[in-house]
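Breakdown of the fold
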Amino acid sequence: MTRVTLDPAMLQGPFVNPIPKESEKQAALPSLGYARPLEKLAEMFHTTPEVLVELNPGGGTIRPGATFVFPNVLPASRDYPDDIKPEWRQTLTDLNVEARQPAGDHIVVDKSEKVLKVFDAEDRLVAQFSATMGSQHDPLPVGTWKINVVDTNPKFHYNPDLFWDAKKDDEKAMLPPGPNGPVGVVWLDLSKEHYGIHGTPEPQNIARTQSHGCIRLTNWDAARLALMVKPGTEAVFQN
């Protein structure tokens, strides 16, 4: 654990509260940001609001200058590559993502273990993340695929025709970017049409619920993975 004094940048929005459930109302928002500062701080320190409350009994006002106890996930380096877009650099900073990530040569998504593994060019395991993958309606597409595109802070094209649980009156909508969007802060598009690896607005549910077939990680792990891989990286999905 570590004690951290909050600064204004850590508490900067935009915050969206409440976030409407209807896709057409979400589409009208400028972003799908965090609902409140506590939620942002929880993702910044790779945990949940409930854990932060337990770590700080008695609490106090969340404001610049206040000091709280957090899990010590502060990165050793924020020296991100020069070609990274400013908004993605800010997202990486907000999520305390270490700049020096291992280079991934290929990844393996294992349904039985509920994990995504990253291997280097010598087939050594360099990272492993808990993951949500597939469901009875949308099973994991077993096979060998490739990462086509890494889209950071993505918008999300909601198409009800692709969701078995969509409401009958749902219409297509373009949802704005944000950590509380359906795919979180990053979308790694796969050569399997309509499938990808992405973040989530509900990190507490990773490896505990089912997905619509895609591979879902916490926002901070999805961001780390995005720094490890590149277009063309092989992705093996197995049971």
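Everything discussed here concerns the structure shown above.
This text gives an overview of the structure that appears in the document. (Residues numbered from 1 in each chain as written. Predicted model: local features only at pLDDT ≥ 70, side-chain atom pairs only at ≥ 80, totals over all residues. Heavy atoms only, no water.)

**Topic: the overall build of the chain**
Worth spelling out the cut-off: Strands are runs of DSSP state E lasting at least two residues, helices are runs of H or I lasting at least four, and both sets are numbered from the N terminus onward. Only the C-alpha atoms count toward the radius of gyration. The rule for a globule is 2.2 Å times the residue count to the power 0.38. For the exposure calls, accessible area comes from a 1.4 Å probe over protein chains only, and a residue counts as buried if that area is under 20% of its type's maximum, exposed if over 50%, partly exposed in between. Two residues form a contact once any of their heavy atoms are found within 4.5 Å. Calculation of accessible area relied on Shrake-Rupley with a 1.4 Å probe; when residues are assessed, cover is drawn exclusively from the protein chains displayed. The sign given to each residue is positive for Lys and Arg and negative for Asp and Glu; His and the chain ends receive no count. Charge positions come from single atoms, namely NZ of Lys, CZ of Arg, CG of Asp or CD of Glu.
The helix and strand inventory of the chain stands at five helices and 13 strands. Here the C-alpha radius of gyration of the chain, 18 Å, is about what a compact globule of 239 residues would show, namely 18 Å. Counting only C-alpha atoms, the chain reaches 50 × 50 × 35 Å along its principal axes. Here the chain holds 239 residues, and 49% of them are scored as buried. The contacts of the chain with a sequence gap of at least 6 include a subset with a gap of at least 24, amounting to 59%. For the chain, the computed accessible surface area is about 12400 Å², with 49% contributed by carbon and sulfur atoms. When the 24 positive and 31 negative side-chain charges of the chain are each reduced to one mean point, those points stand 3 Å apart.

**Description of the pattern of salt bridges**
Here is the rule: For this document, the term salt bridge refers to a Lys or Arg side-chain nitrogen within 4 Å of an Asp or Glu carboxyl oxygen.
All told, the structure shown has five salt bridges when counted by the stated rule. Linking Glu-98 and Arg-100 is a salt bridge whose minimum nitrogen-to-oxygen distance equals 3.4 Å. Owing to a relative accessible area of 58%, Arg-100 belongs among the exposed residues under this scheme. Residue Asp-120 is joined to Arg-124 by a salt bridge in which the shortest nitrogen-to-oxygen separation is 2.8 Å. Residue classification places Arg-124 among the partly exposed residues on the basis of a relative accessible area of 49%. Linked through salt bridges whose partners overlap, the residues forming this network are Asp-120, Glu-122 and Arg-124.

**Looking at unusual backbone geometry**
Going from Gly-13 to Pro-14, the amide bond is cis rather than trans, its omega being 15°. Along the chain, Pro-14 falls in the loop between strand 1 (2–5) and helix 1 (23–27). In the segment running from Asn-17 into Pro-18, the intervening peptide bond is cis, with an omega of 5°. Position of Pro-18 relative to the elements: it lies in the loop between strand 1 and helix 1. Backbone geometry at Asp-123 places phi at a positive 65°, although glycine is not the residue there. One can find Asp-123 in the loop between strand 4 (115–119) and strand 5 (125–130).

**A few points about the pairing of strand 5**
Worth spelling out the cut-off: A pair of strands is treated as paired once DSSP finds two or more bridges between them.
In this structure, strand 4 lies alongside strand 5, joined through five bridges in antiparallel fashion. For Leu-116, the partnering residue across the bridge sits in strand 5 and is Phe-129. A loop of five residues connects strand 4 with strand 5, the two strands running antiparallel in sequence, and Asp-123 in this loop sits at a positive phi of about 65°.

**A few points about the packing of aromatic side chains**
Operational definition: Only Phe, Tyr and Trp rings take part, Trp by its six-membered ring, and two of them pair if their centres are within 6.5 Å. Stacked means planes under 30 degrees apart, edge-to-face means over 60, and tilted covers everything else.
Applying the stated criterion across every chain yields a total of one aromatic pair. Here the aromatic rings of Phe-45 and Phe-70 are separated by 4.0 Å at their centres, their planes lie at 15°, and the arrangement is stacked. Taken together, the residues span a long stretch of sequence, with Phe-45 in the loop between helix 2 (37–44) and helix 3 (49–55) and Phe-70 in strand 2 (residues 67–70) at a distance of 25 residues. Across the pair, Phe-70 and Phe-45 agree in class, each one buried.

**Looking at helix 2**
Within helix 2, seven of the eight residues are buried, leaving the element largely enclosed by the surrounding structure. Among all positions in helix 2, only Leu-38, Glu-39, Lys-40, Leu-41, Ala-42, Glu-43 and Met-44 are buried. On its buried face, helix 2 sits against helix 3, strand 2, helix 4 (86–94) and helix 5 (219–228). Looking at the residues trailing helix 2, positive phi occurs at His-46, about 60°.

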